[in-house]
Amino acid sequence: VCDEAQRLKSAKTQLNAALSRLECDKRILLTGTPLQNDLEEFRTMANVALPTSPTIFGSENEFRRRFDGPINAGREANAGAQ
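Before going into details, it helps to say that this report is about the structure given with it. Keep in mind it's a predicted model, so treat the numbers as computed, not measured.

1. So, the overall build of the chain
- If you tally the helices and strands in the chain, you get 3 helices and 0 strands.
- Listing the helices and strands of the chain from first to last along the sequence gives α-α-α.
- Once the C-alpha set of the chain is aligned to its principal axes, its extents read approximately 50 × 30 × 20 Å.
- Every one of the 82 residues in the chain was classed for burial, and the buried ones make up 24%.
- Intrachain contacts of the chain at a sequence separation of at least 6 include 46% that bridge at least 24 residues.
- Total accessible area on the chain is roughly 6,100 Å²; 52% of this is exposed by carbon and sulfur atoms.
- In the chain, 11 side chains carry a positive charge and 11 a negative one; their mean positions are 3 Å apart.

Structural data, given as structure tokens:
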């Protein structure tokens, strides 16, 4: 169980590296802080909670291409005009 999971903001943090080395069947992440519309934070937390190889969302570049880019583009004021 990982409390304060919002501290896993990046796959490059020491906390993330330490959690990734733990061998366990299940992982539970707790946070009282919203993800604040940051898809990279969501990806990082999902990869800790659901460790697979390759990660559930693919590589960092693939995630940005398939999810982060299109979702953020949809937030633009003129997104519906296209």
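2. Focus: the packing of aromatic side chains
- Evaluated as defined, the whole model comprises 4 aromatic pairs.
- For the pair F42 and F57, a centre-to-centre distance of 5.6 Å together with 55° between the ring planes defines the contact as tilted. With F42 in helix α2 (residues 39-49) and F57 in the loop between α2 and α3 (60-74), this pair connects stretches of sequence that are 15 residues apart.
- The class of F42 is partly exposed, set by a relative accessible area of 37%.
- On the numbers, 5.6 Å between centres and 35° between planes, the contact of F63 with F67 is tilted. Placement of the pair is F63 and F67 together in helix α3, with a separation of 4 residues, close to one helical turn.
- Looking at F67, the relative accessible area reads 26%, which means it is partly exposed.

3. Regarding the environment of G69
- With respect to the helices, strands and loops of the structure, G69 is situated in helix α3.
- For G69, a relative accessible area of 37% corresponds to the partly exposed category.
- On a C-alpha basis, the gap between G69 and G32 in space is 27 Å, while along the polypeptide they are 37 residues apart.

4. Considerations on unusual backbone geometry
- At E4, a position not held by glycine, the phi torsion is positive, near 60°.
- In this structure, E4 sits in the segment before α1 (14-21).

5. Focus on α2
- Of all 11 residues making up α2, 9 are buried, and the element is well covered by its neighbours.
- Where the residues of α2 are buried, they touch α1 and α3.
- Taking the backbone nitrogen of E40 as reference, a side-chain oxygen 2.9 Å away marks D38 as the first, capping residue of α2.

Thresholds applied
- Residues numbered from 1 in each chain as written.
- Predicted model: local features only at pLDDT ≥ 70, side-chain atom pairs only at ≥ 80, totals over all residues.
- Heavy atoms only, no water.
- Helix = DSSP H or I, 4+ residues; strand = E, 2+ residues; numbered from the N terminus.
- Buried < 20%, exposed > 50% of the residue type's maximum accessible area, 1.4 Å probe, protein only.
- Contact = heavy atoms within 4.5 Å.
- Areas by Shrake-Rupley, 256 points an atom, 1.4 Å probe, with all protein chains shown as cover.
- Lys, Arg positive; Asp, Glu negative; His and termini not counted.
- Charge placed at Lys NZ, Arg CZ, Asp CG, Glu CD.
- Phe/Tyr/Trp six-rings, centres within 6.5 Å; stacked < 30°, edge-to-face > 60°.
- Polar contact = N/O pair within 3.5 Å; in protein donor to acceptor, adjacent residues only side chain to side chain.

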